[in-house]
Every structure is written in structure tokens, then in C-alpha cells.
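# Remarks on the overall topology
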Amino acid sequence: MSTNHELRLYNSLGRRMEAFAPAAEVAGLYTCGPTVYAYPHLGNMRAYVFADTLRRALRWKGFSVRHVVNITDVGHAVADTNTGEDKMEVAAARERRSVMDIAAYYADVFFVDCAALNILPADEYPRATAYVEQMIEFTKKLAQDGFTYQLPSGLYFDTAQDPGYGELAQMSTEGQLEAARLEHVEGRRRKTDFVLWRAEEPGQRRVLRWDSPWGWGVPGWHLECSVMSMALLGQHFDLHTGGVDHRELHHVNEIAQSQAFLGDGRPWVRYWLHVEYLQLGAQKMAKSAGGAPRLADLTEAGYHPMAYRLFLLGGHYRSQLDFSTAAIDAAQATLRRLVTRIGPLRPLPLVETLAEGVAVTRHDPAAQRLLDTIDAAVAADMSTPKILAALQDALREPALTPDGQRAVVAATDALLGLGLAAFDPADLEHRRPLTDLSAAERQAIEELVADRTQARKERDWARADQIRAQLDELGVDLTDTPTGPRWQLR
């Protein structure tokens, strides 16, 4: 192989490509995780497929990584505002369940979707409710150092005390004021000032509440990420990822409060990477818009989760993607072709790093050229479309030896996370969509599934097995998951 290409990433802080060099032996990576108040939709999951691809790219280049993904189970106000109701409490009232039940249920759904998309588990999944006392201590220091002021609605960060505020967003002061949330907060000095502690409104008692020097209330949304990342990755770490929608507000405020807390004149985080929107009908896919499809919707319609991952990898993470039936059909067809062509090459060797790839292909110049192409694509801000192209080339390159071909396929599989090394072609058989069923047929299946769940709770295994057999006769495949049984048609 000709070279080991230097890994360069597009840093949102400065909007430029930069060589990546971790500050310590293990790179620290923090990803803004889900607010567990509703089902994650396909647009949400793009951010986690991206973070997973970044981890795989770092591994390929020989870096060790410690990855933290937070779970927001308190503090996130509706519409990302400074005041008003918490998304968790609104969801609990809507579904008539406790906030903790809501958090547990939707966190489990998130983990199930991550597993289905072959996303590597993070090293830590801290929950905001477990770090409230640390958030209070963090805020005390900000108050002592003169970065805050108190209003009846809560304690606010005074952005006028931060001359570099908004650098990540690359906005002028006027632009920051224009882009700031338009809600009116009585007594707030500047529109960019954000809440650190949300106080209870007079006469109202929150479901989730903690006592603090600023009264009973809950922490602000931005606070949790600063506190939990520092607790688990150290006061300074290397990489912070999230959706591009966080770049102008959430991450700007994280930086402001963190650098004020540290007070050492150093950047809190060195590299900021943001993944672009997934578009649905020319509109950003968002829960607030309603009707955004979920991964479960795709699988119920007969698509494999890896078809969605392949669809995402077909575009660069900094490019907006248009989701459509035609696009996911094409991804499923491509996945089927890849699985068919790779099947005869199994078993594949273990090739997860560039060094492993070089070792395996030492006597195959054609394979080394393809590995060099792959390494160059990884190094150029993770160009996954070029890695996919190299995979296609490997499957039709006559100069490759069988071992060289296996090594290149294994390398691309490790980088792209498609699970091709162990894919069962039967998993790609197109299933009947649920729209084939009448309302009465669907209701009958749902009732059988519910009856089986009840039988299992009562430990009536014979009855549960009998119902499963009935479902099998109806052409229904049933899968038990941490969030309950899920079914689809064959």
C-alpha cells in the first residue's frame, strides 16, 4: 500500500477540514442522545448511524475510543424553550403513565432500533436524572463566578459575559439575537440568555423536581450534556457529535457554559461534527411535524434495517438526504445483490483496522490498491459513498485473489457496519406489507398477540406456544423484544 492517509474531519468549529489528533491515548467521543418521550423516527436514527460510522473510522485508523451517549429523561422543554412544560411530563400525561415508565419504554425502543441498525453499543448511556446533583454543583460555580442572574422563571446564563458566544454557529451578535428563541421571558436581559435551572411556576408542582439554591425545579436542557460528558470523559475531550439542528443553539450553549465553568482559556471540545437533515417531502423530518416514519414502519413494510443503513451510507453525512420509497427500494435491491455476491466468500477474515488489512493483503497488489482507495475515502471526512464504490469494485475486480477479495470485503464491512459477514439471505425475502390485511384481520392478529403476552405473564407456556402456532399458520412472524412482541407478515 502506498500511504497511510492522515485522517481529516470537517470541524464545525471553524467550518474547515482539520487533521484529527486525539489529546490522549483514548479519544473521547460524546454524542447527543435521545429525549425519550416518543418513538425515534428515521431522521433521529441518522445521527446515531453517523456516530457509529465515525467510531468505525477511528478504529480503522488505529485510534481507541471511549463513547458516551446521553439519555435525556428530564430537562428538555417543549419546543426547546427556556420555560414551559417538560417533554417527559407532557408524554406521561398524554399516555397516562409515569414519567419513569415513559423514559424506560422509549429508551428501550431506542436501544432496539440501534441494535437493528448494527450500531455499536456506547461505553456509557448516562441518564440526566442520575446527574442532577452534579448539575446543581456545576451551576453553583457559574453563579459564584458571575455568569448568571436569577428571575422568577429560573436561573439564566448571561451570554453578555462570554465575548466568544456563538462562535460555533458563526453568527454575528445581531444574527445570534435574530436566531434566538422568540419566546418572551419576563426580565431576560438578552434573547440569547438561556436557562440553567427552570423554577417551578407559582401554584404548580412539577412531577419531576429537585430542590436547589434557586428553588424547586429542574435543570435546563443544555446543562446535562456539559455535566455528564465531563464526568465520564474528562473536563476536555476530543469529539462531540449531533444533528446539524444542534449547531446553532444547543451546542452553542453547551460550549458557553462549559468554558465559563472551566475558565482555563482552552476550547472545551476540539472537534465538532454535525450530521445533516433527512428530508421527507422536502421538509426536515421531525417529531413535531408528525407522521415521521420509524424503523419499525420499514420492517413492517418488508424492508431490512440494513437497507436503511445502506441508504444513509450512500450519501455523505454532511449532505441532506431525501427519503422516499424509491430510494429505500433501491437500497434493498443493492443490499440483496451484495449479500448474494458475498455469500460464496465466507468466512471473511477479521479486518477492522488498516494495519490488519495491510497484513492480510501483503501479497495481493490489487487488493492493496483497493485498501488504499478505502483508506483515502475514510481519511477524507468519512466518504462512505466512495467506500461503497470500492466494495462494488472488489466484487468485480478480476485481478484480485480470493483472499484479497475477502480482505477488502471484510474491511468495507467493518467500516460500513452492514453485517455482511454473517447475513442470512432469507432475511431479505420481501414480506407482505400490513396494508394487505383488512382492519378486522389486523385486529384479530393483535388480539392473538395480546393473548399470548398474557399467557406468558401467567407462565402458561402451552397456551403461549399454541397461539404462536396459530400466528404461524396465518403467515405471521413474531419476535419478542425488550419493549414487547413485534410481528410482521411473511
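The structure we're discussing is the one just above.
Right, let's walk through the structure included here. (Residues numbered from 1 in each chain as written. Predicted model: local features only at pLDDT ≥ 70, side-chain atom pairs only at ≥ 80, totals over all residues. Heavy atoms only, no water.)

## Remarks on the overall build of the chain
Just so we agree on the cut-off: Strands here mean DSSP runs of E at least two residues long; helices mean DSSP runs of H or I at least four residues long; both are numbered from the N terminus. Between the two quantities, the radius of gyration covers C-alpha atoms and the globule rule is 2.2 Å times the number of residues to the power 0.38. For every residue, the accessible area (1.4 Å probe, protein chains only) is compared with the maximum for its type, and the residue is labelled buried under 20%, exposed over 50%, or partly exposed between those bounds. Pairs of residues are marked as contacts when any of their non-hydrogen atoms sit within 4.5 Å. To be clear on the numbers: accessible area is Shrake-Rupley with a 1.4 Å probe, and residue cover counts the displayed protein chains and nothing else.
Along the chain, the regular secondary structure elements total 16 helices and 15 strands. Computed over C-alpha atoms, the radius of gyration of the chain comes to 25 Å, within 12% of the 23 Å expected from 2.2 N^0.38 for 490 residues, which places it in the range of a compact globule. Considering only C-alpha atoms, the chain reaches an extent of 70 × 65 × 40 Å along its principal axes. Per-residue burial for the chain yields a buried fraction of 54% across its 490 residues. Considering only intrachain contacts with a sequence separation of at least 6, the fraction spanning at least 24 residues in the chain is 75%. Per element, the accessible surface of the chain, about 21300 Å² overall, is 50% carbon and sulfur.

## Description of the sheet that holds strand E6 (residues 154–157)
The line we're drawing: Strand pairing is assigned whenever DSSP identifies at least 2 bridges connecting the two strands. Orientation is described by lines fitted to C-alpha atoms, with helices fitted over the stretch in contact, and by angles between N-to-C directions that extend from 0 to 180 degrees.
Strand order in the open sheet formed by four strands is E5-E6-E7-E8, with antiparallel pairing between adjacent strands. Each edge of the open sheet is held by one strand with a lone partner, namely strand E5 (148–151) and strand E8 (217–219). The average angle at which neighbouring strand axes cross in this sheet is 25°, direction not considered. Of the pairings in the sheet, the one linking E5 to E6 comprises four bridges and is antiparallel in character. Counted as the bridge partner of Tyr-149 is Tyr-156 from E6. Contacts between helix H4 (residues 132–144) and the sheet are confined to E5, E6, strand E7 (194–199) and E8, with E7 contributing the most and set at about 125° to the helix. Sheet contacts for helix H7 (residues 250–262): E6 and E7; angle to E7, the most-contacted strand, approximately 85°.

## Some thoughts on helix H9 (residues 305–313)
Within H9, nine of the nine residues are buried, which leaves it mostly tucked inside the rest of the structure. For H9, the complete set of buried residues consists of Pro-305, Met-306, Ala-307, Tyr-308, Arg-309, Leu-310, Phe-311, Leu-312 and Leu-313.

## Focus: helix H6 (residues 221–233)
To keep it simple, the criterion reads: By this rule, a helix spans an expected 1.5 Å times one less than how many residues it contains.
Look at H6: 19 Å from first C-alpha to last across 13 residues, which is about the 18 Å you get at 1.5 Å a residue. Burial within H6 is extensive, with 12 of its 13 residues counted as buried. What H6 keeps buried is the set Trp-221, His-222, Leu-223, Glu-224, Cys-225, Ser-226, Val-227, Met-228, Ser-229, Met-230, Leu-232 and Leu-233. Of the residues one or two after H6, Gly-234 is the one with positive phi, at around 100°.

## A short note on the sheet that holds strand E3 (residues 26–31)
Read across the sheet, four strands follow the order E4-E3-E9-E10 without closing on themselves; strand pairing throughout is parallel. In this open sheet, the two strands that pair with only one neighbour each are strand E4 (64–69) and strand E10 (269–275). Sheet twist, expressed as the mean angle between neighbouring strand axes with direction ignored, is 20°. Here E3 pairs with strand E9 (residues 237–243) via three bridges, running parallel. Bridge assignment links Thr-31 to a residue of E9, and that residue is Thr-241. Contacts between H6 and the sheet are confined to E3, E4 and E9, with E3 contributing the most and set at about 155° to the helix.

## Thoughts on the environment of Pro-202
Turning to its location among the elements, Pro-202 is positioned in the loop between E7 and E8. Taking C-alpha positions, Pro-202 is 46 Å from Leu-298, a pair spaced 96 residues apart along the chain.

## Some remarks on unusual backbone geometry
Each neighbour pair has its own omega, and for Arg-346 with Pro-347 the value is 0°, a cis peptide bond. Its location among the elements puts Pro-347 in the loop between helix H10 (325–342) and helix H11 (354–360). Of note, the phi angle at Met-382 is positive, near 55°, even though the residue is not glycine. Judged by relative accessible area, which is 3%, Met-382 ranks as buried.

Keep in mind that these numbers describe shape and distance, not what the molecule does.
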